[in-house]
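Chains, contacts and geometry: an overview
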Amino acid sequence: MNRSFELVKTAYELSQLLPTAEPQVALAGRSNVGKSSLINCLAGRKALAKISSTPGKTQSVNFYQINPGGYTLVDLPGYGYARRSQAERAKWGQLIEQFLTLSPGLKAVAVLIDVRVPPQKSDLEMVSWLRHANIRILPVLTKCDKMNQREQSARQREWRDLIGGAATPICFSCVTGQGKDALWSALDSLAIPTD
Ligand SMILES: Nc1nc2c(ncn2[C@@H]2O[C@H](COP(=O)(O)OP(=O)(O)OP(=O)(O)O)[C@@H](O)[C@H]2O)c(=O)[nH]1
Ligand SMILES: [Mg+2]
């Protein structure tokens, strides 16, 4: 199915985050994990979201309206980027937290994790924060083209056990397109009401 992606809003400040009841799924993950690349891959457009090999590229909350589907994918700034000043990290932490707390339409958060990297404190903190806030977690392992099948499966099991009870993480790669269909199905079933 061909989908259209439209960047409908960009927020840099807490005051620009107006609560909305429209269905949304947010993408969260450490800087450089591949959030913006995943948006581009799903959209089939290379330059929709800005990507960079330097962490900290996305500095705003970006809202992409998906049609058909009628929901919004929200690209969040990355967390855990140590080379930012403490003030900047605090500002983004607040922006992300405020967004996650104040979005009545938020159906789930896709937590993106680099398949090559063992579980990091910042990822575990994000997962635990979401669980406490009662927000559904869609775990996605990124850059799966960089690891063989056996290593991917081991990391999937590791995260399934850590998140506990949630679905097995989807292995995704924007280089090979692995996991793209599975991700669309998961997003649709989380964001589109069934009744
Ligand atoms: N091999 C490979 N590289 C990837 C993949 N996805 C992203 N990358 C690379 O990872 C780097 C970071 O990608 P981004 O999409 O900018 O990451 P981000 O999570 O949006 O980063 P921030 O905006 O800084 O939070 C870029 O150099 C991408 O080309 C993938 O599936 N496979
Ligand atoms: Mg980005």
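See the structure shown above.
Every value quoted in this text rests on a predicted model; they were computed, and no experiment measured them.

Our next topic: the nonpolar core. In this structure, L76, F99, L100 and V109 are the most contacted members of the largest nonpolar core, which totals 30 residues. At the level of elements, β2 (24–29), β3 (61–67), α2 (86–101), β5 (106–114), α3 (121–132), β6 (137–142) and α4 (149–163) are the ones that each hand at least two residues to this core. Per-element tally for this core: the top contributor is α2, with 5 residues. The residues contacting F99, other than those within four sequence positions of it, are L17, Q24, A26, F63, V74, L76 and L106.

Tallying each qualifying case throughout the model produces 2 aromatic pairs. On the numbers, 6.0 Å between centres and 70° between planes, the contact of F5 with W184 is edge-to-face. In this pair, F5 is assigned in strand β1 (residues 4–11) and W184 in helix α5 (residues 180–191), connecting sequence segments 179 residues apart. W184 gets classed as buried once you look at its relative accessible area, which sits at 11%. When the ring of F63 is compared with that of F99, the centres are 5.9 Å apart and the planes differ by 75°; the resulting orientation is edge-to-face. Within this pair, whereas F63 is found in strand β3, its partner F99 is found in helix α2, the two being separated by 36 residues in sequence. Per residue, the accessibility class of F63 equals that of F99, and both read buried. Stacked on the ring of W184, the Lys or Arg R3 has its end atom at 4.0 Å from the ring centre.

Reading guide: rules and limits
Residues numbered from 1 in each chain as written. Chains lettered and ligands numbered in written order. Predicted model: local features only at pLDDT ≥ 70, side-chain atom pairs only at ≥ 80, totals over all residues. Heavy atoms only, no water. Core = buried A, V, L, I, M, F, W, Y, C linked by side-chain atoms within 4.5 Å. Buried < 20%, exposed > 50% of the residue type's maximum accessible area, 1.4 Å probe, protein only. Helix = DSSP H or I, 4+ residues; strand = E, 2+ residues; numbered from the N terminus. Contact = heavy atoms within 4.5 Å. Phe/Tyr/Trp six-rings, centres within 6.5 Å; stacked < 30°, edge-to-face > 60°. Lys NZ or Arg CZ within 6 Å of the ring centre and 35° of its normal.

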